[in-house]
Amino acid sequence: MVRDLYNVRLLPGEETVDDGVSPLTDEEERRYRALLFRELGEEIAANGYARHPAYTVEDRRRLVDVAHRLSAHWGLRVGVEAEDLTRVRLSLPGAEPSPASLPTGVSSP
């Protein structure tokens, strides 16, 4: 069930989630990006593409950074594409998912 929130305001001193400030420490951020590099890299190597949730601007920035790092590591361009508002697809050139594996509401071109 979707609920709309009306008249919701931040209290003074509260920060928004998408203000560009990561809630992670520098060490946690480094470790998380290394994990994404390893896990998404393995999935891309096996399937040619990987999907990952990206709910915030910071999530999308991380995934773009991981795609750039994978591109440099492999010497192949890893593409980054937003599939919808909450999911990003990283893929190698020419790697298209089968129509059966597409999420609901997305059709193959």
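Each remark here, short or long, concerns the structure printed above.
Undergrad: Teacher, can you tell me more about the overall build of the chain here?
TA: A count of helical and extended segments in the chain gives two helices and three strands. The order of helices and strands in the chain, counted from the N terminus, is α-β-α-β-β. A total of 109 residues make up the chain; the buried ones form 29% of that total. Nonlocal contacts in the chain, meaning residues at least 24 apart in sequence, comprise 58% of its contacts between residues at least 6 apart. Roughly 8,000 Å² of accessible area belongs to the chain as shown, and the carbon and sulfur atoms make up 54% of that amount.

Undergrad: Hey, could you run me through the pairing of strand β3 (residues 87-91) in this one?
TA: If a strand is regular, its side chains alternate between the two faces of the sheet. Counting buried residues in β3 gives four out of five residues, a clear majority hidden from the surface. Two elements, strand β1 (residues 49-53) and β3, share five bridges in a ladder whose sense is antiparallel. By the bridge assignment, Arg51 is partnered in β3 with Arg89. Pairing analysis gives five bridges linking strand β2 (residues 79-84) to β3, with the strands arranged antiparallel. Across the sheet, Val80 pairs through a bridge with Leu90, a residue of β3. Counted along the chain from β2 to the antiparallel partner β3, the turn is two residues long.

Undergrad: I tried to follow the sheet that holds β3 on my own but got confused; where do I start?
TA: Neighbouring strands of a sheet are bound in pairs by backbone hydrogen bonds; such pairs are parallel or else antiparallel. Strand order in the open sheet made by the three strands is β1-β3-β2, with antiparallel pairing throughout. Because the sheet does not close on itself, it has two edges, and the strands there are β1 and β2. When strand polarity is set aside, the average angle formed by the axes of neighbouring strands in this sheet is 25°.

Undergrad: Would you take a moment to explain the packing of aromatic side chains for this structure?
TA: Any aromatic ring pair is given by two values, namely how distant the centres are and how the planes are angled relative to each other. Tallied over the entire structure, the rule returns zero aromatic pairs. Here Arg69 stacks its cationic end above the ring of Phe37, 4.7 Å away from the centre of that ring.

Undergrad: Can you walk me through the pattern of salt bridges in this structure?
TA: Close approach of charged atoms allows side chains of opposite charge to pair. Scanning the model with the defined rule gives eleven salt bridges in all. Taking the shortest distance from any N to any O, the salt bridge between Arg33 and Asp65 comes out at 2.9 Å. On the criterion of sequence distance, the pair formed by Arg33 in helix α1 (residues 26-47) and Asp65 in helix α2 (residues 57-74) is long-range, its members being 32 residues apart. Residue Arg33 is classed as buried on the basis of its relative accessible area of 18%.

Undergrad: Just to check I follow, could you spell out the packing of α1 against α2 for this structure?
TA: For any two helices packed against each other, the geometry comes down to the angle between their axes and how far apart the axes lie. Running from N to C, α1 and α2 cross one another at 60°; their axes reach a closest spacing of 9 Å. Put simply, α1 runs oblique to α2. In this structure, α1 meets α2 at a crossing whose hand is right-handed. From α1, Glu29, Tyr32, Arg33, Ala34, Leu36, Phe37, Leu40, Gly41, Ile44 and Ala45 reach across to α2, where they touch Glu58, Arg61, Arg62, Leu63, Asp65, Val66, Arg69, Leu70, His73 and Trp74. Each residue belonging to the contact of α1 with α2 can be placed in one class, and the counts come to eleven nonpolar, two polar and seven charged.

Cut-offs and rules
- Residues numbered from 1 in each chain as written.
- Predicted model: local features only at pLDDT ≥ 70, side-chain atom pairs only at ≥ 80, totals over all residues.
- Heavy atoms only, no water.
- Helix = DSSP H or I, 4+ residues; strand = E, 2+ residues; numbered from the N terminus.
- Buried < 20%, exposed > 50% of the residue type's maximum accessible area, 1.4 Å probe, protein only.
- Contact = heavy atoms within 4.5 Å.
- Areas by Shrake-Rupley, 256 points an atom, 1.4 Å probe, with all protein chains shown as cover.
- Pairing = 2+ DSSP bridges.
- Axes fitted to C-alpha atoms, helices over the stretch in contact; angles between N-to-C directions.
- Phe/Tyr/Trp six-rings, centres within 6.5 Å; stacked < 30°, edge-to-face > 60°.
- Lys NZ or Arg CZ within 6 Å of the ring centre and 35° of its normal.
- Salt bridge = Lys/Arg side-chain N within 4 Å of Asp/Glu carboxyl O.
- Parallel < 35°, antiparallel > 145°, perpendicular 65-115°, else oblique.
- Left-handed = near helix turned anticlockwise from the far one by under 90°.
- Nonpolar A, V, L, I, M, F, W, Y, C, P; charged D, E, K, R; others polar.

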